[in-house]
Amino acid sequence: MLFDILILQKVNSQIDSILEKMDEFEKTYATQIQNVHPNYTHSAKNLIHYLAFRSFDNTPFQKNLNDLGLPTSVNTESSILHTMLIYRTLITHLLKENSTIPKQSFLTNKESKLLLRKNTNALFGEKPTNRRTRILVTQPTNAAENSAFSENLLNAGMNCARVNCAHDDEQTWKKIIDNIKQVNPDCKIMMDLGGPKLRTGKMKPGHKVIHIKPKRNSLGQLIAPAKIWLAPYGMLPPKGSQADAIITVNKKWLKKTQKGSYFTFIDSRDKKCKITIQEKEGFGRWASCKDSAFVTTGMQLTVFLKKKSTSELHTVHELLPLEEIIYLFEGDTLKLDKEPILGEPATFDDQGNLINFAHISCTLPQLFSRVKKGELIYFDDGKIEGVVDEIHPDYLLIKITNAKTTGGKLRADKGINLPDSDLGISGLTEKDKKDVQFIAKYADAVNFSFVNNKQDVEDLLNELKKLKASIGIILKIETQKSFENLPSILLKAMENYPIGVMIARGDLAIETGWKNFAIIQEEILSICEAAHIPDIWATQVLENLAKKGIPTRAEITDAAMSQRAECVMLNKGPYIEKAVKMLDKILSKMQQIQKKRISLLPQLKFTENL
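Figured I'd write up the structure that's included with this text. All values derive from a computational prediction rather than experimental measurement. Residue indices begin from 1 for each chain and proceed along its sequence in written order. Reporting in this predicted model follows two pLDDT cut-offs: at least 70 for local features of residues, and 80 or more for side-chain atom pairs to be given and counted; totals over whole chains, interfaces and linings ignore these cut-offs and use all residues. Side-chain numbers here rest on the full set of heavy atoms in the structure, without hydrogens or water.

### A few points about the overall build of the chain
Move 1: The way it works is that DSSP assigns letters per residue, a run of H or I at least four long becomes a helix, a run of E at least two long becomes a strand, and they are numbered from the N terminus. Helix and strand counts for the chain come out as 18 helices and 29 strands.
Move 2: Counting only C-alpha atoms and orienting by the principal axes, one finds that the chain spans roughly 105 × 55 × 55 Å.
Move 3: Only protein chains enter the area calculation, which uses a 1.4 Å probe; residues under 20% of their type maximum are buried, those over 50% are exposed, and those in between are partly exposed. Within the chain, the proportion of its 610 residues that are buried is 50%.
Move 4: In what follows, a contact means two residues having at least one pair of non-hydrogen atoms within 4.5 Å. Pairs at least 24 residues apart make up 73% of the contacts formed inside the chain by residues separated by at least 6 positions.

Dropping the structure here:
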């Protein structure tokens, strides 16, 4: 069989151009390579070589290789120079020309795999026996009080624990960490800095009402009554117990009740309802209700302490107000306040005419001087979409362009994304700098939120140097800028050891656009592979399973694809233990058949100088 001489010559010329570009890049960025941690010297060189290779549109090169029947450049990011030299040796041999191997050192494919494995172990700990991909689990607040929770997660397959500094406090964080370390001292602790996250402000308190909801099937038939905790004001259910509703009542009459006692009441909809005492626990009582009911403060209860006994009248004590909700529909207008005014829904007159727009504030008022009319804005991880319609000194008017047909629910402390706007926010906040002190003392790695450029990394490195801290850094890539500046971010971060990358798919998908996200995710995986840096596949992995107990087909496929990363992150939920077990099984099976990488993509362009 004869090879096409013309194609062979084209490929040979293309390889020469690629090798020249690699040499040029290595000389240009020699200083950056010298500054990295000794453990990353070879990795930094390979990353530079890979960027040189990707500075070309490699589609013609791959097509020519394919036309010759040679393997295309798949899974070669981690040892790109070695791969190019192999290609050149093959091509020159087929052309019957002499070939000389350059004298500079290069990584073989085997050596690059060993480097990635070493760096992964340094960041996440030794791999479990049944799979190479680690499982990272976000810890809820109740992990501080329930030590059995941590033990169950570790037994289910959790390898690393994530604590988010955007929630709770140092005392709670310490309890969570202590509970985990008591079960497994080798479990790695990763702590997120809150970062300059743009969120909705506080809402006005809603009505003081409790909605009792028994479990029903799709036909509306009762499956199980609602489980209710009756107790004096401020007394919560015992640890580990869950109630569908908590009603505060008088301590004296509650003490008289026993199993079988019951009370009736007329709820806020004039519906007659009944609640029956089931068992006693301390000063509280567990009760059940088969009716759907709305209970409000001051509601009168007709109490029957024993069957056929005379009744007594009592009232429901002070209830905590519900969180107010703004319902937004397509075409609605939302007022975004600059000052921290408590948010509230729109108001209407008796004829249904709008009096005041729904309004809510935001946590970063400096955005008001940066946004422009017509720019996109998203709320609550993209669930509600709008555009900036009017700009005023003290507020913005947002025209809602997309939301659920039943109304998008907007609450306090929900994320806001402005992908078209340059808000000029990044790096460490004052709270972050304080939290780093705790993280440096008790955690194994810091998860750096909203890193956008190498200067942000420099700021974090300086803080760690001040504390003389030796911990890992995980770079959360969640903005368009952080993706565009990823190579320079990585090279700067390589001054620390170890480091990793989290693909924060929630914010990143919104910031970069849904249609671009799939490609961007692949690029991040490829760049991390070239740098021998472990990556974390994060956001909404088995989300439905963790929160509702049943996975969707799509998230099972997503979990299977996540095996390509070195670590997968699960978020908290009532069924998180079940989700960890499921993910453990999926990852164990998929590593037998799933290739780690896909074909290389066309030319890459980055904005920040390395």
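### Side note on helix H13 (residues 486-493)
Owing to its 3.6 residues per turn, the α-helix aligns residues three or four sequence positions apart on the same side.
Move 1: Here H13 lies mainly inside the structure; eight of its eight residues are buried.
Move 2: Among the residues of H13, those classed as buried are Leu486, Pro487, Ser488, Ile489, Leu490, Leu491, Lys492 and Ala493.
Move 3: Along its buried surface, H13 packs onto helix H3 (41-54), helix H11 (454-466), strand E26 (472-477), helix H12 (480-484), strand E27 (499-504) and helix H15 (514-530).

### Brief notes about a nonpolar patch on the surface
Move 1: Think of a patch as exposed residues, more than 30% relative accessible area, with no salt bridge, where like charges cluster within 9 Å and nonpolar side chains (Val, Leu, Ile, Met, Phe, Trp, Tyr) cluster within 5 Å. For every accessible area listed, the method is Shrake-Rupley and the probe measures 1.4 Å; residues are considered covered only by the protein chains on display. Within this document, salt bridges are pairs made up of a side-chain nitrogen of Lys or Arg and a carboxyl oxygen of Asp or Glu, the two lying within 4 Å of each other. Taken together, the side chains of Phe348, Leu354 and Phe357 make up a nonpolar region of the molecular surface, amounting to roughly 280 Å² of accessible area.
Move 2: Along the chain, Phe357 falls in the loop between strand E18 (354-356) and strand E19 (358-361).
Move 3: Residue class for Phe357 comes out partly exposed when judged on its relative accessible area of 34%.

### Focus: the side chain of Arg54
Move 1: Note that Arg54 resides in helix H3.
Move 2: By relative accessible area, which is 1% here, Arg54 ends up buried.
Move 3: Reaching out from Arg54, the side chain makes a polar contact with the side chain of Tyr50 at a distance of 2.6 Å. In protein, a polar contact requires one atom able to donate a hydrogen and another able to accept it; more generally it is a pair of N or O atoms within 3.5 Å, and residues adjacent in sequence count only if both atoms are side-chain atoms.

### Considering the sheet that holds strand E3 (residues 188-192)
Two pairing modes exist for strands in a sheet, parallel and antiparallel, and in both the strands are linked by backbone hydrogen bonds.
Move 1: If DSSP finds at least two bridges between two strands, the strands pair. Strand order in the closed barrel made by the eight strands is E1-E2-E3-E25-E26-E27-E28-E29, with parallel pairing throughout. The sheet shows a mean angle of 25° between the axes of neighbouring strands, direction not considered.
Move 2: By the bridge criterion, five bridges tie E26 to E27 in an arrangement that is parallel. Paired with Ile477 across the bridge in E27 is Ile503.
Move 3: Interaxial angles span 0 to 180 degrees and are taken between N-to-C directions of axes, which are lines fitted to C-alpha atoms, for helices over the stretch in contact. Packed onto the sheet, H15 meets E26, E27 and strand E28 (535-538) and runs at close to 175° relative to E27.

### A short note on the packing of aromatic side chains
Move 1: Pairing of aromatic side chains requires ring centres within 6.5 Å, counting the rings of Phe and Tyr and the six-membered ring of Trp. Pairs whose planes differ by under 30 degrees are stacked, by over 60 edge-to-face, and all others tilted. Under the criterion given, the structure shown has nine aromatic pairs.
Move 2: Ring-pair connections join several aromatic residues into one group, and the members of that group are Phe53, Phe61 and Tyr87.
Move 3: Directly above the aromatic system of Trp286 lies the positively charged group of Lys227, at a separation of 4.4 Å from the ring centroid. Whether a charge lies above a ring is judged from NZ of Lys or CZ of Arg, which has to be within 6 Å of the ring centre and within 35 degrees of the ring normal.

### Thoughts on the nonpolar core
One recurring pattern in soluble globular proteins: nonpolar side chains tend to sit buried together.
Move 1: We define a nonpolar core as any set of buried Ala, Val, Leu, Ile, Met, Phe, Trp, Tyr and Cys residues linked to one another through side-chain atoms lying within 4.5 Å. Formed by 108 residues in total, the largest nonpolar core has its most connected members in Met191, Leu475, Met494 and Ile524.
Move 2: Ranked by residue count, the leading element in this core is helix H1 (residues 5-28), at eight residues.
Move 3: When residues no more than four places from it in sequence are discounted, the contact partners of Met191 are Val163, Cys165, Trp173, Ile177, Phe438, Ile439, Ala443, Ala445, Val446 and Asn447.
Move 4: Membership of the second largest hydrophobic core comes to 26 residues, among which are Ala358, Leu367, Ile384 and Ala412.

### Section: helix H7 (residues 147-156)
Move 1: By the burial criterion, the buried members of H7 are Phe149, Ser150, Leu153, Leu154 and Ala156. Buried residues of H7 fall within an arc of 165° about the axis and therefore sit on the same side.
Move 2: Looking at the packing, one finds that the buried side of H7 touches strand E1 (134-138), helix H8 (170-183) and helix H18 (576-590).
Move 3: One side-chain oxygen of the residue at the start of H7 lies 3.2 Å from the amide nitrogen of Ala148, identifying that residue as Asn146.
Move 4: At the exit of H7 stands Gly157, carrying a positive phi of roughly 135°. Directions are taken from the helix axis to each C-beta atom, and the arc is the one they span.

### Points about unusual backbone geometry
Move 1: Along the chain, Tyr497 connects to Pro498 via a cis peptide bond; the corresponding omega equals -5°.
Move 2: In this structure, Pro498 sits in the loop between H13 and E27.
Move 3: Despite not being glycine, Asp168 has its phi angle at roughly 65°, a positive value.
Move 4: Assignment of secondary structure puts Asp168 in the loop between strand E2 (160-164) and H8.

### Side note on the sheet that holds strand E21 (residues 384-391)
Move 1: Read from one edge of the open sheet, six strands run E19-E16-E22-E21-E20-E24, paired in mixed fashion. Of all the strands in the sheet, the pair left with one neighbour each is E19 and strand E24 (416-417).
Move 2: Sheet topology places strand E20 (residues 376-379) next to E21; four bridges connect them, and they run antiparallel. Across the sheet, residue Ile377 finds its bridge partner in E21, namely Gly386.

### Considerations on the pairing of strand E11 (residues 284-289)
Move 1: Across the six residues that make up E11, a large majority, six, are buried.
Move 2: Here E11 shows no split at all, with Gly284, Trp286 and Ser288 on one side and Arg285, Ala287 and Cys289 on the other all buried.
Move 3: Summarising the sheet, strand E7 (residues 226-231) and E11 pair through five bridges and their orientation is antiparallel. Counted as the bridge partner of Lys227 is Ser288 from E11.
Move 4: Summarising the sheet, strand E10 (residues 272-281) and E11 pair through five bridges and their orientation is antiparallel.

### Observations concerning the pairing of strand E9 (residues 262-266)
Move 1: Here E9 lies mainly inside the structure; four of its five residues are buried.
Move 2: Relative to E10, E9 runs antiparallel, the two being bridged by five bridges. Of the residues in E10, the one forming a bridge with Thr264 is Lys274.
Move 3: What sits between the antiparallel neighbours E9 and E10 is a turn of five residues, in which Asp270 has the positive phi angle 65°.
Move 4: Relative to strand E13 (residues 300-304), E9 runs antiparallel, the two being bridged by three bridges. Bridge pairing in E13 links Tyr262 to Phe304.

### Quick word on the pattern of salt bridges
Move 1: Applying the stated criterion across every chain yields a total of 32 salt bridges.
Move 2: In this structure, Lys433 and Glu430 form a salt bridge, with 3.7 Å as the shortest nitrogen-oxygen distance. Separated by three residues within a single helix, Lys433 and Glu430 lie in helix H10 (residues 430-442), roughly one turn from each other.
Move 3: You can call Lys433 partly exposed: its relative accessible area is 30%.
Move 4: For Glu430, a relative accessible area of 61% translates into the label exposed.
Move 5: Connected through salt bridges with shared partners, the residues Arg162, Asp192 and Lys476 form a single ionic network.

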